[in-house]
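Each chain, letter by letter, is given below.
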Amino acid sequence: QVQLVESGGGLVQPGGSLRLSCAASGKILGIDAMGWYRQAPGSQRELVAAFAGGGITNYADSVKGRFTVSRDIAKNTVHLQMNSLKPEDTAVYYCKMKVLAFGSLWLDYWGLGTQVTVSS
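Right, let's walk through the structure included here. (Residues numbered from 1 in each chain as written. Predicted model: local features only at pLDDT ≥ 70, side-chain atom pairs only at ≥ 80, totals over all residues. Heavy atoms only, no water.)

Topic: the packing of aromatic side chains
Okay, so step 1: Counting across every chain of the model gives 2 aromatic pairs.
Okay, so step 2: Between Tyr37 and Trp110 the ring centres are 5.1 Å apart and the planes differ by 65°, which places this aromatic pair in the edge-to-face class. Of this pair, Tyr37 sits in strand S4 (residues 28-39) while Trp110 sits in strand S10 (residues 106-110), placing them 73 residues apart in sequence.
Okay, so step 3: Taking relative accessible area as the criterion, Trp110 reaches 35% and is therefore assigned partly exposed.
Okay, so step 4: A connected cluster of aromatic rings, assembled from ring pairs, spans Tyr37, Tyr94 and Trp110.
Okay, so step 5: The side chain of Arg71 reaches across the aromatic face of Phe51, ending 4.3 Å from its centre. (Phe/Tyr/Trp six-rings, centres within 6.5 Å; stacked < 30°, edge-to-face > 60°. Helix = DSSP H or I, 4+ residues; strand = E, 2+ residues; numbered from the N terminus. Buried < 20%, exposed > 50% of the residue type's maximum accessible area, 1.4 Å probe, protein only. Lys NZ or Arg CZ within 6 Å of the ring centre and 35° of its normal.)

What follows is the structure in structure tokens.
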């Protein structure tokens, strides 16, 4: 069983910064794609930033230049540094990883999400 646990969400004023982290645990043999998605009330879940297969990074246009995704492969973790936050960044942020676990196939796993609220 693989679990993803996010941390680092919270309330921040416009222009502020937050750093999200996500750690994967379990009998993990390998991790391929990993990254962050978000879902605002009444909206569909959308890609924020992610490492695709081969290490290529993808960013939503709305966060380019403000957010940075990073990872520590040895620790099975992925981070999202969010700067210059705007009220429209308010959403639940989810971590997603493509994982090969012992006795399983490559599967996508999601964390439970962490709330980010940008408000004065």
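Overview of the environment of Lys86
Okay, so step 1: With respect to the helices and strands, Lys86 occurs in the loop between strand S8 (77-82) and strand S9 (91-101).
Okay, so step 2: Its relative accessible area of 34% is what places Lys86 among the partly exposed residues.
Okay, so step 3: Along the backbone, Lys86 and Glu6 are 80 residues apart, and their C-alpha atoms lie at a distance of 21 Å.
Okay, so step 4: What Lys86 contacts, discounting residues up to four positions off in sequence, is Arg66 and Val118. (Contact = heavy atoms within 4.5 Å.)

What about the sheet that holds strand S7 (residues 67-72)?
Okay, so step 1: The 4 strands are arranged S1-S3-S8-S7 in an open sheet whose pairing can be described as antiparallel. This sheet does not close on itself; its edge strands, each paired only once, are strand S1 (3-7) and S7. Averaged over all neighbouring strand pairs, the angle between strand axes comes to 15°, with direction disregarded.
Okay, so step 2: Pairing between S1 and strand S3 (residues 18-25): 5 bridges, direction antiparallel. When the sheet's bridge partners are listed, Val5 is paired in S3 with Ala23. (Pairing = 2+ DSSP bridges. Axes fitted to C-alpha atoms, helices over the stretch in contact; angles between N-to-C directions.)

Observations regarding the pattern of salt bridges
Okay, so step 1: For the structure shown, the criterion picks out 5 salt bridges.
Okay, so step 2: A salt bridge links Glu46 to Arg38; the shortest N-O distance between them is 2.8 Å.
Okay, so step 3: Through salt bridges with shared partners, one network takes in Arg38, Glu46, Arg66 and Asp89. (Salt bridge = Lys/Arg side-chain N within 4 Å of Asp/Glu carboxyl O.)

A closer look at the pairing of S8
Okay, so step 1: With 5 of its 6 residues buried, S8 lies for the most part within the structure.
Okay, so step 2: Looking at chain direction, S3 and S8 are connected through 6 bridges and run antiparallel. Bridging from a neighbouring strand, Ser21 pairs with His79 of S8.
Okay, so step 3: Bridging between S7 and S8 involves 6 bridges; their strand directions are antiparallel. Counterpart to Val69 in the pairing with S8 is Leu80.

The quantities given are spatial measurements derived from coordinates; they are silent on function.
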